[in-house]
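# Structural overview
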Amino acid sequence: MSDSLTLPDCLPAALKNSLLALLPKQGLLTEIEELRPYECDGLSVYRQLPMAVCLPETVAQVQQILRLCYRYAIPVVARGAGTGLSGGALPLANGILLSLARFTRILEIDKENRLARVEPGVRNLAISEAVADLGLFYAPDPSSQIACTIGGNVAENSGGVHCLKYGLTLHNVQGLKVLTITGELLELGGDVLDSPGYDLLALMCGSEGLLAVIVEVTVRLLPKPKEVSVLMAAFESTEKAAAVVTDIIANGILPAGLEMMDQLAIQAAEDFVHVGYPTSAAALLLCELDGSIAEVASELECVEKLFFEAGATDIVIARDDRMRQRLWAGRKAAFPAVGRLSADYYCMDGTIPRHRLSTVLKQIKVWSEEYGLRVANVFHAGDGNLHPLILYDANQPGELAKTEAFGQKILELCVAVGGTVTGEHGVGIEKLDAMCSQFGADELAVYHGIKKAFDEQGLLNPGKAIPTLQRCAEFGAMHVHDGELSFPELERF
Amino acid sequence: MDADISIHLQEQIILAQARSTALAIVGSASKDFLGRRSRGQVLSVAGHCGIVSYDPTELVITARAGTPLRELQAALAEKGQMLPFDPPCYAAGGTFGGMIAAGLSGPRRPFAGSLRDAVLGLRCLDGQGRLLSFGGQVVKNVAGFDLSRLLSGSMGTLAVILEASLRVVPCAATEITLLQSCDQAAALTKMQRLACAALPLSAMAWQQGQLMVRLSGNQEAVSTVREEIGAVLMADDAAKAFWSGLRDQRLPFFSSSQPLWRLSLPAAAAPFDGDLIIDWGGAQRWLKSAATAADIRQLSRNMGGSADCFRGGDRDGEVYQPLAPALMALQQRIKQVFDPQGLFNRGRLYAALPGPC
Ligand SMILES: Cc1cc2nc3c(=O)[nH]c(=O)nc-3n(C[C@H](O)[C@H](O)[C@H](O)COP(=O)(O)OP(=O)(O)OC[C@H]3O[C@@H](n4cnc5c(N)ncnc54)[C@H](O)[C@@H]3O)c2cc1C
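Quick caveat: nothing in here was measured; it's all calculated off a predicted structure. (Residues numbered from 1 in each chain as written. Chains lettered and ligands numbered in written order. Predicted model: local features only at pLDDT ≥ 70, side-chain atom pairs only at ≥ 80, totals over all residues. Heavy atoms only, no water.)

Once that is clear, we can look at the overall build of chain A. The helix and strand inventory of chain A stands at 19 helices and 18 strands. Radius of gyration (C-alpha) of chain A: 23 Å, near the 23 Å computed for a compact globule of 493 residues. The principal-axis extent of the C-alpha atoms belonging to chain A is close to 70 × 55 × 45 Å. Here the contacts in chain A between residues at least 6 apart in sequence split such that 72% fall between residues at least 24 apart. (Helix = DSSP H or I, 4+ residues; strand = E, 2+ residues; numbered from the N terminus. Rg over C-alpha atoms; globule rule 2.2 N^0.38 Å. Contact = heavy atoms within 4.5 Å.)

Here the focus is helix 2 (residues 69–78) of chain B. Residue and element names in this part refer to chain B. Residues of helix 2 that are buried: Leu69, Leu72, Ala75 and Leu76. Seen end-on, helix 2 carries its buried residues on one side only, within an arc spanning 125°. Packed against the buried residues of helix 2 are strand 3 (51–55), strand 4 (60–64), strand 5 (81–82) and helix 3 (96–102). After helix 2 finishes, the residue Gly80 shows a positive phi value of roughly 70°. (Buried < 20%, exposed > 50% of the residue type's maximum accessible area, 1.4 Å probe, protein only. Arc of directions from axis to C-beta.)

With that settled, consider the state of the cysteines. All names here are of chain A. Per the stated rule, a full pass over the model turns up one disulfide over all chains. In this model, Cys436 is linked to Cys472 through a disulfide, with the two sulfur atoms separated by 2.1 Å. Across the S-S bond of Cys436 and Cys472 the torsion is about -80°, and the bridge reads as left-handed. With a gap of 36 residues between them, Cys436 in helix 17 (residues 432–438) and Cys472 in helix 19 (residues 469–475) connect regions that are remote in the sequence. Its relative accessible area of 0% is what places Cys436 among the buried residues. We classify Cys472 as buried; its relative accessible area is 0%. Free cysteine Cys287: the closest other cysteine sulfur is in Cys302, separated by 9.7 Å. (Disulfide = S-S within 2.5 Å.)

Residues and elements named next belong to chain A. Tracing the sequence through the fold places Ser368 in helix 15 (residues 357–371). The exposure class of Ser368 is buried, given its relative accessible area of 15%. Among the polar contacts listed, one links the side chain of Ser368 to the backbone oxygen of Leu373, at a separation of 2.7 Å. If we skip the residues at most four places from it in the chain, Ser368 touches Leu373, Arg374, Val375 and Phe406. (Polar contact = N/O pair within 3.5 Å; in protein donor to acceptor, adjacent residues only side chain to side chain.)

Another point: unusual backbone geometry. Leu353 of chain B connects to Pro354 of chain B through a cis peptide bond whose omega is 0°. Within the fold, Pro354 of chain B resides in the segment after helix 11 (325–338). At Ala73 of chain A, a residue that is not glycine, the phi angle is positive and equals roughly 55°. Secondary-structure assignment places Ala73 of chain A in the loop between helix 4 (59–72) and strand 3 (76–79).

Moving on, we get to the interface of chain A and chain B. Taken together, the contact between chain A and chain B spans 80 residues of the former and 67 residues of the latter. For the chain A and chain B pair, buried surface summed over both sides reaches about 6000 Å², with 62% attributable to carbon and sulfur atoms. When the area that chain A buries against chain B is broken down by residue, the three leading residues are Leu193, Tyr198 and Val446 of chain A, summing to 13%. Our count for the contact surface shared by chain A and chain B stands at five salt bridges. Between Arg116 of chain B and Asp199 of chain A there is a salt bridge whose closest N-O contact spans 2.7 Å. Counting the contacts that link chain A with chain B gives 23 residue pairs in polar contact (both at pLDDT 80 or more). Those elements giving two or more residues to the side of chain A that touches chain B turn out to be helix 7 (163–166), helix 8 (169–172), strand 9 (185–189), helix 9 (200–204), helix 10 (238–250), helix 12 (293–309), helix 17 and helix 18 (441–454) of chain A. Residue contributions to the side of chain A that touches chain B peak at 10 residues, all from helix 18 of chain A. Each residue belonging to the side of chain A that touches chain B can be placed in one class, and the counts come to 37 nonpolar, 23 polar and 20 charged. (Buried area = accessible area lost by both parts, 1.4 Å probe. Salt bridge = Lys/Arg side-chain N within 4 Å of Asp/Glu carboxyl O. Nonpolar A, V, L, I, M, F, W, Y, C, P; charged D, E, K, R; others polar.)

In this section: the site of the ligand. All names here are of chain A. Around the ligand sit 32 residues in total, of which Ala78, Gly80, Thr83, Ser144 and Thr149 are the nearest. For the ligand, an oxygen atom lies 2.6 Å from a polar atom in the backbone of Ala78. Contact distances for the ligand include 3.2 Å between a nitrogen atom and a side-chain N or O atom of Glu424. In the complex, 93% of the free accessible area of the ligand, which totals 980 Å², lies under the protein chains. Broken down by element, the shell around the ligand gets its largest block of residues, five residues, from helix 6 (residues 150–156). For the shell around the ligand, the residue count by class is 12 nonpolar, 16 polar and four charged. (Near = heavy atom within 4 Å. Areas by Shrake-Rupley, 256 points an atom, 1.4 Å probe, with all protein chains shown as cover.)

Our focus in this paragraph is the packing of helix 18 of chain A against helix 11 of chain B. Geometrically, a packed helix pair is captured by the angle between its two axes and the distance between the axes. Running from N to C, helix 18 of chain A and helix 11 of chain B point in directions that differ by 160°, and their axes come no closer than 9 Å. By the angle between their axes, helix 18 of chain A is roughly antiparallel relative to helix 11 of chain B. In terms of crossing hand, the pair formed by helix 18 of chain A and helix 11 of chain B is right-handed. Note on element contacts: helix 11 of chain B touches helix 18 of chain A through Leu330, Arg333, Ile334, Val337 and Phe338 of chain B, opposite Val446, Gly449, Ile450, Ala453 and Phe454 of chain A. Taken together, the residues of the contact of helix 18 of chain A with helix 11 of chain B sort by class into eight nonpolar, one polar and one charged. (Axes fitted to C-alpha atoms, helices over the stretch in contact; angles between N-to-C directions. Parallel < 35°, antiparallel > 145°, perpendicular 65-115°, else oblique. Left-handed = near helix turned anticlockwise from the far one by under 90°.)

Our focus in this paragraph is the pattern of salt bridges. If you walk through the whole model with that rule in mind, you get 35 salt bridges over all chains. Glu108 of chain A serves as the salt-bridge partner of Arg117 of chain A, at 3.0 Å between the closest nitrogen and oxygen. Close ionic contact of Asp339 of chain B with Lys335 of chain B constitutes a salt bridge, the shortest N to O distance being 2.8 Å. Exposure class is identical for Asp339 of chain B and Lys335 of chain B. Each is buried. A single salt-bridge network, built from bridges that share partners, covers Asp86, Arg214, Arg247, Asp248 and Arg250 of chain B.

Residues and elements named next belong to chain B. Relative to strand 7 (residues 131–135), strand 6 (residues 119–125) is paired through five bridges, and the arrangement is antiparallel. If you follow Arg123 over to strand 7, its bridge partner there is Ser133. Hairpin connection between strand 6 and strand 7: a loop of five residues separates the two successive antiparallel strands, and Gly129 in this loop has a positive phi of roughly 75°. (Pairing = 2+ DSSP bridges.)

With 189 residues, the main nonpolar core has Phe307 and Ile450 of chain A together with Ile334 and Phe338 of chain B as its most contacted residues. Look past the residues within four positions of Ile334 of chain B in its chain and what remains in contact with it is Tyr198, Leu200, Leu203, Ile450, Ala453 and Phe454 of chain A together with Leu150 and Leu158 of chain B. (Core = buried A, V, L, I, M, F, W, Y, C linked by side-chain atoms within 4.5 Å.)

Residue and element names in this part refer to chain A. Across the interface, helix 2 (residues 13–22) lies against helix 4 with an axial gap of 10 Å and an inter-helix angle of 170°. As summarised for this structure, helix 2 and helix 4 are arranged roughly antiparallel, according to the angle between their axes. Here Ala14, Leu15, Ser18, Leu19 and Leu22 of helix 2 lie close against helix 4, whose contacting residues are Gln61, Gln64, Ile65, Leu68 and Tyr72.

Attention now moves to empty space enclosed by the protein. Under the criterion given, the structure shown has nine cavities of 30 Å³ or more. The computed volume of the largest cavity comes to approximately 700 Å³. Contributing to the lining of the largest cavity are 44 residues, with Asp194 and Ser195 of chain A together with Ala102, Gly103 and Arg262 of chain B lying nearest its centre. Secondary-structure elements contributing two or more residues to the lining of the largest cavity are strand 8 (173–179) of chain A together with helix 5 (115–118), helix 9 (236–247), strand 16 (284–288) and strand 17 (306–311) of chain B. (1 Å grid on protein atoms, 1.4 Å probe; cavity = no way out; pocket = protein on both sides within 12 Å on 5 of 7 lines; lining within 4 Å. Points joined across faces, edges and corners; volume = space filled by probe spheres on them.)

Right under this line is the structure:
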């Protein structure tokens, strides 16, 4: 995309002066070169420079910025680390980018109540590191955890490898302090397990910066399990691997993590980090079990038996830390590893009921051949959260458009089999059209109503997360109504 | 029994809307005592019942709002599964929809999550009779605002819940309860120590000088921990009766003419005098007291928590912890989105919901 297309509007002089007066030194960026690092998030196909970037250091400063923007009717996009994968933190040409990157303090660690109160710019991993000495950890662990912020995690309701057992961000956050666009500070939840009135804390999780700016987060900490084991099993077909995923759950076992990789992903990971993955396998499962020593031992035995019965061609059990790290290393490096195979890749994020894994993976394969685009699958199999990575080359004319069309088809399929267009990456700017296939006009109207209840003028991250009714009408995919389903050949339930 | 009466319910709402008739949404009336007194024409959801889908391997159940909670729990138990949050059954037992609208969780809550944690999606009718569907049947889902969880615990003041999907979990193979005599302060200290220790805990409560700790998991896990903790093993029947009695408020403690208060506090909040039971490892304390609402709320505020008048007392006053003005204004605007005419369960949650008309 050429520069001229992403140039922002001009920051009104009066607003600029007010911002300069309230922000610390180097807290206001307005030069094109300074703005450049903020032009996109992790979804770099979309780029836009904001009018200015604000880097406040105190809650009072954030409050003043919001009040000013409200007064001048200037849109505000909040940003944590910018690792989001749906363009949620993409700046607006007529807006301010509000970075929370300087809010990096851990305010309080409350061992007795097993809580940590932190600023929104604290990195996800930094929390677990800070409480490791106490034998505690913060459970949600997105693969981006060394970089992404807790504020961004709340805004996206992020998951991770361990959320099958320990839940998403929503399940592990107990309190928030947020600022509305008018600068009103609201306290939601706190050190207690529930709070009076409507559950606005739940509503904030996954609200993608549209409702309020998160300025403080109280997270729940868990004691570290005494024992952790990882099993790796190779299969000669993805169907077989998918079937065992269901079997494990059906046997009453809830693994800490249950991840799957297909052939292309296995090969890419092995070439990249050399951990000893069986590159001839069609599918690989990684199953982590944790708990007390006795518990892990008996579950391990059960899972091993299930793998064996399902015809696993290779089973490896990691009992020590080093071996465990090694088995996970390939999975954790899978995205960058796949990135080496192709100029670009596009990461999808639909979730489907577990028993549809096989059907959906098969269909993706068929389309992959039809479109002539390779797909690598690395995903959270235990909770049916798919991450097909479509390999393409943005420099080939038309290939991005083709990729997006393919991606859209995958998401529509996810909805058709009873799933959703986004499991953990959010809608952002990317999945607005896909939202039209999942929701009807009435639901969208309610979403817009909720947005208005918080932000009457529509100044917080406008245009993201919820498509306008008009957009859906033009897109022509409004809600898949019974009787006119988009995949009539598929069995329903 | 299986019946879909959503069209009928929709018609009643549209009629009520045309006539501005206040509606009182009722499942089985098992929680009539809960919340503020609210008047309105009864809208009975009990006839909208039946399990819509339940696939044990997906760990998800979808049922209509009028489904008796006991029936649903029996269906889960048959497959060795349960609702993770351990919902209370009052009186006749309650309905699935009433359970979600009330949003209550039992003794297992601190260890297995709350009701709203388990809600994956729901279908409802709003105050204009619009049929809405939020969330879905999968655990990981961030499409659209999380309105199914907003509706959980809203006491029927936003919409009529028609159907919901919840995450379920396998039942533990073994459950044992350990008993130890100790005073309140010692019990609270012990609870926090155990909670920090990566144990298969599933409930911790204290009553009348007795600390009860329940462990759930497989046989080996539970028995090793038992040796670690020490304490006396409670007889199975007595343990079961205690935990369900605590959950469903059938212990002798709960039969009293004094108002029953529910204090939601930081788990490690200090002990205090009073006729009380500690549940949720310290995070939920049931207090029988004739003291004024202001005094009790002051007490809980000082400890960083809140207090609701759960049973008895003045049901025309504010029974739930009053909200800060900015929060109340926001909740009124949210109410407006769902129920602009203020038809549903007027004032059941707060006198100011619906807001000034
Ligand atoms: C390599 C890689 C791997 C990833 N793996 C995972 C994974 O396993 N699981 C997963 O869930 N995600 C994953 N992600 C996605 C991403 O890391 C998460 O969405 C993360 O939570 C974003 O955090 P952030 O601080 O980077 O937020 P940003 O990208 O800066 O912002 C994300 C959204 O949150 C809003 N926002 C940010 N901070 C605030 C705030 N303080 N107040 C209000 N709104 C705010 C923004 O406006 C934007 O809409 C991955 C990304 C990458 C690049």
